[in-house]
Amino acid sequence: MKSSIEIIGKWWVLVFALVIAIAIYLPSMNGPFILDDQSTVIHNQIDLNFKKVLGYTLLEHIRERTFSQFTFYLQNATFDNSSPAKFRLVNYGLHLINGVLLYLLVILLFKAKSKQSLGLIAGLAALVFFLMHPIQTQAVNYITQRMILLATEFSLGALIVFLKLRNTNKPGFLPWFQRITLFALILLALLSKPTAICLFPILLFVELIFVDKLDGKSQWVSFLSLLTFVIISVGISFDEIIDTPRITPIEYLLTQAVVVIKYIGLILWPTGLSLDHNIKSWPEISHLIVIGSALFHACLITIAWLSKKTLPIISLGIITFYLSLFPESGLIPLKDLMTEHRTYLAMVGTSIIVAGIASRLAHRKWALPLLGTITVMLISLTTIRNLEWRSEQSLWSSTLKSNSSSARALYSLGRFDLLKGDTASAVDYFEKAISANGQHVPSKSAFALILIKQGNYIEAAELLEYALELEPNDVTTAQNLGYLMEKEGKLRQALRWYRKALRNSNGNSELHLDFGTVYLKLNNSKEAVKHLLKAAPHMNSARLYNNLGYAYQLNGDLKSAEINYKKSLMIDSNYNVASQNLKSLSEE
C-alpha cells in the first residue's frame with residue numbers, strides 16, 4: 001500500500017487540486033460589482049487622469065496602488081468593462097497562481113531545513129487550505145481587492161527568490177539577477193497595496209531562521225532590520241487621514257486585539273462569513289475581553305519565537321500571520337473595524353502553519369483521509385459561500401442573516417429595490433438602516449434623494465447637511481446636494497456642489513452628466529459638451545446622449561446632434577424627449 005507521501009507526490013494530485021479550486025469559484029463569476037468596485041474598477045483613476053498619475057512621487061504611487069490600478073486600466077481598455085465576470089476571472093487566475101507560489105515556497109522552506117521529503121505533502125496541504133478556504137471568497141470576488149491578490153503574489157515571489165538567493169552559492173551573474181528580481185518584486189508588491197510593507201520583517205525572520213549561510217548574513221539582517229524600524233516609525237507617526245474613522249488610534253488597536261481573535265475563529269470554524277460584521281469598539285484596555293485577547297496574542301507570538309529552532313515552519317507561519325495583519329489591524333484607524341479580505345495575506349501564514357502540522361502527521365495512516373475530509377468540508381463551505389455571491393440581493397441577504405443590524409446590508413437591499421422601481425420598499429430599508437446606525441451616511445443620502453424626487457426639499461436638505469457633517473468629503477452627499485440645488489433652480493450653487501463631489505472622487509461619469517445638464521440649463525452649451533463627452537465613454541444612457549445631442553444642436557452642429565439623438569433612441573426607443581428633439585431637428 002502506497003504511503004500518503006507517495007500518493008501526494010504525483011503531479012496529477014496537484015493539477016486536480018487546482019481544477020477543484022477554480023471550479024468552486026465559478027458560481028460567483030457573474031456576481032455583481034459591490035461597494036467601491038465601480039469607482040475603483042470602472043472609473044479608474046489612471047483612465048480618468050493619466051497625466052496626474054505620471055506626476056506622482058514614489059510614495060504617492062504606493063499610496064494610490066498604481067500597479068493594481070494599471071491592471072484595471074489595461075482591462076478597461078481591452079475589454080467591455082460592464083461585465084464583472086471578466087474582472088473576476090483575472091482574480092481567479094491570480095488566486096490560483098498564489099496557491100502555486102505558496103506550494104513552491106513551502107517546498108523551499110522544508111528544503112532549507114533538510115526535510116525535502118516532507119515538502120510535497122506539506123506544500124499540498126498549504127495549497128489546499130489557502131485556495132479552498134471560504135474566508136478567501138471576499139478577497140477573490142470583491143474585484144477591487146485584486147490589490148491584495150497582487151500584493152500577495154509579489155510577496156510570495158519575493159520570498160521564493162530570497163530563499164533561492166540566500167541558500168545557493170552559485171557565483172557570477174545569477175546572484176545579481178536574483179537581487180534585482182527580489183527588489184523588483186518587493187516594489188511591485190508595494191505598488192499593488194501598501195500592506196505589503198509587512199514583507200520586510202517577514203524577510204528578516206526568514207533570514208534569521210531559514211538561512212544558514214554566514215556570507216552576507218550580517219548585512220542582510222542590518223538592512224532588513226533598518227527597513228523594519230523605518231516602517232514601524234512611519235506607521236506610528238502617520239497622521240494623514242486614510243479613511244473616515246470615528247475612533248482614536250489606541251481605541252482602534254485595542255479593538256483589533258479582539259477582531260484578530262474573531263479572524264482566527266473564522267479561519268478555524270468558517271461559518272457566519274459576512275460582508276459586514278457587527279463589531280463594537282473597545283476603548284479601554286481594562287475590559288476583560290481586551291485583556292484576554294491581548295494575552296492570547298502575546299502568548300502565541302512568544303511561543304512562535306521560542307520554538308523558532310524546534311518548530312521553524314509553524315513559528316514562521318505564526319509570525320507571518322501577525323505581521324500580515326498588522327498594517328491594517330495596527331495603529332492606523334480604518335473605517336471598517338473588520339473585513340474578511342484583510343486576512344488574505346495573513347492566510348499565507350495560516351497555511352504555512354497547516355503545512356507544518358501536516359508534515360508532522362504525514363506518516364500516520366489516517367493523515368490522508370483526514371486531509372481529504374478537511375478538503376471536502378472546505379470545498380462545500382466555499383461553494384455555498386460563492387453561491388451567495390451570485391447576485392447583489394442574495395449576497396446582502398446573507399449578510400443580513402449573519403448581522404441583522406447591518407446598516408450597509410439594509411442600505412444595499414434598499415438601493416436594489418430602488419433600482420427596481422419599488423420606492424416604498426427602498427424607503428423602508430433606508431429607514432431601518434438609519435435606525436440601526438444613525439451615522440450611516442449612504443442611507444441618509446439615498447433617503448434624501450427620494451425626498452427630493454418627492455418634492456420634500458426641506459427634510460432632504462436637513463438629512464444631507466447632517467450627512468455632510470459626518471463625512472465632509474462624501475461624494476454622493478455632495479452630488480445629491482447639487483441635485484437639490486438644481487431642483488430648486490439654484491443652478492450656480494448646484495455647480496458648486498457638483499464641483500466639490502467631482503473633486504473628491506476619482507472621476508464620476510454621472511457627475512459629468514449632472515454638470516452637462518446644469519450647463520445646458522444655463523445655456524452654456526460648450527461647457528455642457530465638454531462634460532457630457534467625458535461621461536460618454538463610461539455610460540450607456542439615453543439621457544446622456546439626448547443631452548449631448550441637444551448641446552450640439554445649440555452649438556449649431558446639427559449632424560452631431562442627429563447622431564447622438566439616434567444613439568439615445570437606440571438605447572431606449574421609448575425615450576420621448578429624444579424623439580421630440582430629433583423631430584424638431586428635422587424640421588429646422
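Refer to the structure above for everything that follows.
Keep in mind that this is a model prediction, so the values were computed, not measured. (Residues numbered from 1 in each chain as written. Predicted model: local features only at pLDDT ≥ 70, side-chain atom pairs only at ≥ 80, totals over all residues. Heavy atoms only, no water.)

### Digging into empty space enclosed by the protein
Logical step 1: Scanning the entire structure with this criterion turns up three cavities of 30 Å³ or more.
Logical step 2: Considered as a void within the structure, the largest cavity measures approximately 60 Å³ in volume.
Logical step 3: As for the largest cavity, its lining consists of Thr152, Ser155, Leu156, Leu159, Cys198, Leu199, Ile202, Thr320, Ser324, Leu345 and Val348.
Logical step 4: Per-element tally for the lining of the largest cavity: the top contributor is helix α11 (residues 146–166), with four residues.
Logical step 5: Here the residues of the lining of the largest cavity sort into seven nonpolar, four polar and no charged.
Logical step 6: Lining the second largest cavity, in full, are Leu105, Leu109, Leu159, Ile202, Val206, Leu316, Thr320, Val348 and Ile352.
Logical step 7: Those elements that provide at least two residues to the lining of the second largest cavity are α8 (84–112), α13 (199–210), α17 (312–325) and α18 (346–361).
Logical step 8: For the lining of the second largest cavity, a count of residues per class yields eight nonpolar, one polar and no charged. (1 Å grid on protein atoms, 1.4 Å probe; cavity = no way out; pocket = protein on both sides within 12 Å on 5 of 7 lines; lining within 4 Å. Points joined across faces, edges and corners; volume = space filled by probe spheres on them. Helix = DSSP H or I, 4+ residues; strand = E, 2+ residues; numbered from the N terminus. Nonpolar A, V, L, I, M, F, W, Y, C, P; charged D, E, K, R; others polar.)

### A look at a nonpolar patch on the surface
Logical step 1: A surface patch of nonpolar side chains, about 480 Å² in accessible area, is lined by Phe173, Leu174, Trp176 and Phe177.
Logical step 2: The topology assignment puts phenylalanine 177 in helix α12 (residues 173–192).
Logical step 3: When its relative accessible area of 43% is taken as the criterion, phenylalanine 177 is described as partly exposed. (Patch = residues over 30% accessible without salt bridge, like charges linked within 9 Å, V, L, I, M, F, W, Y side chains within 5 Å. Areas by Shrake-Rupley, 256 points an atom, 1.4 Å probe, with all protein chains shown as cover. Salt bridge = Lys/Arg side-chain N within 4 Å of Asp/Glu carboxyl O. Buried < 20%, exposed > 50% of the residue type's maximum accessible area, 1.4 Å probe, protein only.)

### Thoughts on the packing of α11 against α12
Logical step 1: Packing of α11 against α12 brings their axes to within 8 Å, and their N-to-C directions diverge by 160°. Between α11 and α12, the angle is such that the two are roughly antiparallel. When you trace α11 past α12, the crossing you get is left-handed. Side by side, α11 and α12 meet where Met147, Leu150, Ala151, Phe154, Ser155, Gly157, Ala158, Val161, Phe162, Lys164 and Leu165 of the first sit next to Pro175, Gln178, Arg179, Thr181, Leu182, Leu185, Ile186, Leu188, Ala189 and Ser192 of the second.
Logical step 2: The residue makeup of the contact of α11 with α12, split by class, is 14 nonpolar, five polar and two charged. (Axes fitted to C-alpha atoms, helices over the stretch in contact; angles between N-to-C directions. Parallel < 35°, antiparallel > 145°, perpendicular 65-115°, else oblique. Left-handed = near helix turned anticlockwise from the far one by under 90°. Contact = heavy atoms within 4.5 Å.)

### Here's the deal with the side chain of threonine 152
Logical step 1: Mapped onto the fold, threonine 152 is located in helix α11.
Logical step 2: Relative accessible area serves as the criterion here: at 0%, threonine 152 is assigned to the buried category.
Logical step 3: Sequence-distant contacts of threonine 152, defined by excluding residues within four places in its chain, comprise Asn98, Phe130, Tyr344, Leu345 and Val348.

### Side note on the nonpolar core
Soluble globular proteins tend to bury their nonpolar side chains together.
Logical step 1: With 97 residues, the main nonpolar core has Phe210 and Ile352 as its most contacted residues.
Logical step 2: Sequence-distant contacts of isoleucine 352, that is, excluding residues within four places in its chain, are made with Leu102, Leu105, Val106, Leu109, Ile313, Leu316 and Gly317.
Logical step 3: The next biggest cluster of nonpolar side chains, apart from the first, holds 46 residues, and it includes Ala448, Leu481, Met485 and Leu544. (Core = buried A, V, L, I, M, F, W, Y, C linked by side-chain atoms within 4.5 Å.)

### Here's the deal with the packing of aromatic side chains
Logical step 1: Overall, the coordinates contain 15 aromatic pairs when judged by the stated rule.
Logical step 2: Relative to tryptophan 220, the ring of phenylalanine 162 has its centre 5.2 Å away and its plane inclined at 80°; by these criteria the two rings are edge-to-face. A residue pair is termed long-range when its members are at least 10 positions apart, and phenylalanine 162 in helix α11 and tryptophan 220 in helix α14 (residues 217–237) qualify at 58 residues. Each member of the pair phenylalanine 162 and tryptophan 220 is classed as buried.
Logical step 3: Here the aromatic rings of phenylalanine 183 and phenylalanine 223 are separated by 6.0 Å at their centres, their planes lie at 75°, and the arrangement is edge-to-face. Of this pair, phenylalanine 183 sits in helix α12 while phenylalanine 223 sits in helix α14; the two residues are 40 residues apart in sequence, bridging distant segments of the chain.
Logical step 4: Residue phenylalanine 223 is classed as partly exposed on the basis of its relative accessible area, which comes to 34%.
Logical step 5: Through a chain of ring-to-ring contacts, the aromatic side chains of Phe162, Phe183, Trp220 and Phe223 assemble into a single cluster. (Phe/Tyr/Trp six-rings, centres within 6.5 Å; stacked < 30°, edge-to-face > 60°.)

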